[in-house]
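Coordinates in review
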Amino acid sequence: EQFGAWIISLSLCEREIELEEMGDYRLDRDARIKLSLGLYRGDADGEFDNPLGLMFDHHRGLLLVADTSNNRVQVFSYDDDDDGASFVSKFGEKGNQPGQLLNPWGLAIDHDHDRILVVDRLNNRVQSWSLSEQSFLSCIGRRGSGDLEFNSPQGVAIDKHHRRIIISDSNNHRLVFLSSIDLSLLFSIGKHGLQPGEFDFPSSIAIDDDRHRIIVADTFNHRVQVLSSIDGSFLFEFGSQGDQPGQFRNPHGVCIDNQDRIIITDRYNHRLQSFTHEGHHISSFDCGSEMPLAVAFDEHRGLIAFTAGNRVHVIGANQWLADTFTWR
């Protein structure tokens, strides 16, 4: 049943990309977009096939993209002077051996341990790579529902305060907490359901460090759940199924900006939505015919990047949400 659901989801995703390639690129005419990477599907450097993960490396001024159907991660540098991005490097190739990838999705950067964490979705594991050298380090996990087992994991986030790595184990409908020191299992929370603290395919995760909270896109429940990062206990939720402001149709990506606003990719409503840290709707960013999935925030430049179809778009600082640009 889960395999059939995945095939349907993949087919829908392929159809979405075809529609977007034929559709009206409203984002190309949106003056708030500072930069777009990629266009048509491809496997050359700087081209993408269904990119589904994003992460800014604030320390090095880099943007990392999980080029999912090309089974690799691409790295770009960003130059404020010419409003351009340059391809730097790539790592990963198709396969199921250590250091190979099959449908990479979520990305996280662990500066304390000089590593990049990559959710290797269809291999049901998490791999780590050297941040400075981009060489393979280790992998953990296999298919299943037991300890250190995963079923189509998608998201990953690092809780620096509690030295934890949190994985959204999507098809097991739970969050898995690992030690950031040795990647050992600490505990897991959640099960399949509609109640608070239960999930229906949790996808992306973000950490609100200031408030010790975990923000979870609870995709098929069409809501966002906010949990304590101390013990994973439920705090509150916001959103419901629909197309009105504050409602969702399959929320996927989540990030937090420098003003503690929560930004969500509202996939089938073709928009990004922003919320206060209390879950109150602020505004929406219309993506036209494109369907956004991953989203990331660059706290040094105030940029918001998101993926849609085979492209990565970057919203300029202060161009959608005020006061996103601050020097740190």
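Rules of the game
Residues numbered from 1 in each chain as written. Predicted model: local features only at pLDDT ≥ 70, side-chain atom pairs only at ≥ 80, totals over all residues. Heavy atoms only, no water. Pairing = 2+ DSSP bridges. Helix = DSSP H or I, 4+ residues; strand = E, 2+ residues; numbered from the N terminus. Axes fitted to C-alpha atoms, helices over the stretch in contact; angles between N-to-C directions. Buried < 20%, exposed > 50% of the residue type's maximum accessible area, 1.4 Å probe, protein only. Salt bridge = Lys/Arg side-chain N within 4 Å of Asp/Glu carboxyl O. 1 Å grid on protein atoms, 1.4 Å probe; cavity = no way out; pocket = protein on both sides within 12 Å on 5 of 7 lines; lining within 4 Å. Points joined across faces, edges and corners; volume = space filled by probe spheres on them. Nonpolar A, V, L, I, M, F, W, Y, C, P; charged D, E, K, R; others polar. Polar contact = N/O pair within 3.5 Å; in protein donor to acceptor, adjacent residues only side chain to side chain. Contact = heavy atoms within 4.5 Å.

**Description of the sheet that holds strand 25 (residues 303-308)**
Strand order across the open sheet formed by 4 strands is 1-26-25-24, with antiparallel pairing between neighbours. Single-partner strands in this sheet number two, and they are strand 1 (33-37) and strand 24 (292-298). Neighbour to neighbour, the strand axes of the sheet diverge by 20 degrees on average, direction disregarded. Across 5 bridges, the pairing between strand 24 and strand 25 is antiparallel.

**Topic: the pairing of strand 22 (residues 271-275)**
Counting buried residues in strand 22 gives 5 out of 5 residues, a clear majority hidden from the surface. Pairing of strand 21 (residues 262-266) with strand 22 involves 5 bridges; the strand directions are antiparallel. Bridging across to strand 22, Ile264 finds its partner in Gln273. Hairpin remark: strand 21 followed by strand 22, antiparallel, with 4 residues in the connecting loop; positive phi at His270, about 55 degrees. Bridge count for strand 22 against strand 23 (residues 281-286) is 5 bridges, and the pairing is antiparallel. Directly across from Arg271, in strand 23, lies its bridge partner Asp286. Linking two consecutive strands that pair antiparallel, namely strand 22 and strand 23, is a turn of 5 residues; a positive phi of about 90 degrees is found at Gly279 within it.

**Focus: the sheet that holds strand 13 (residues 164-169)**
In space, the 4 strands of this open sheet follow the order 12-13-14-15, with antiparallel pairing throughout. Strands at the two margins of the open sheet, each flanked by one partner only, are strand 12 (155-159) and strand 15 (185-189). Direction aside, the axes of adjacent strands within the sheet are offset by 20 degrees on average. Note that strand 13 and strand 14 (residues 174-179) share 6 bridges and pair antiparallel. If you follow Ser168 over to strand 14, its bridge partner there is Leu175.

**Topic: the pattern of salt bridges**
Applying the stated rule across the entire model yields 22 salt bridges. Across the pair Asp110 and Arg115 runs a salt bridge whose closest N-O atoms are separated by 2.9 Å. Note on Asp110: relative accessible area 4%, which makes it buried. In this structure, Arg311 engages Glu290 in a salt bridge whose closest nitrogen and oxygen atoms are separated by 2.6 Å. Pair noted here: Arg311 is in strand 26 (residues 311-315) and Glu290 is in the loop between strand 23 and strand 24, with a separation of 21 residues, a long-range link.

**Observations regarding the layout of surface pockets**
Within this model, the largest pocket holds a volume of roughly 1,200 Å³. Lining the largest pocket are 49 residues, and of these Met55, His58, Ile158, Ile207 and Asp209 sit closest to its centre. Contributing elements (two or more residues each) for the lining of the largest pocket: strand 2 (51-57), strand 6 (104-110), strand 12, strand 16 (202-208), strand 20 (251-256) and strand 24. Grouping the amino acids of the lining of the largest pocket by side-chain chemistry returns 23 nonpolar, 14 polar and 12 charged.

**Quick look at the side chain of Asp120**
Its location among the elements puts Asp120 in strand 7 (residues 115-120). Engagement of the side chain of Asp120 in a polar contact is seen with the side chain of Gln127, the distance being 3.0 Å. If we skip the residues at most four places from it in the chain, Asp120 touches Gln100, Leu101, Leu102, Asn103, Pro104, Arg125 and Gln127.

**Some details on empty space enclosed by the protein**
Taken as a whole and assessed by the stated rule, the structure comprises 3 cavities of 30 Å³ or more. By volume, the second largest cavity amounts to about 50 Å³. As for the second largest cavity, its lining consists of Leu35, Phe56, Leu63, Phe76, Ser77, Tyr78, Ala85, Leu303 and Val314. Ranked by residue count, the leading element in the lining of the second largest cavity is strand 4 (residues 72-79), at 3 residues.

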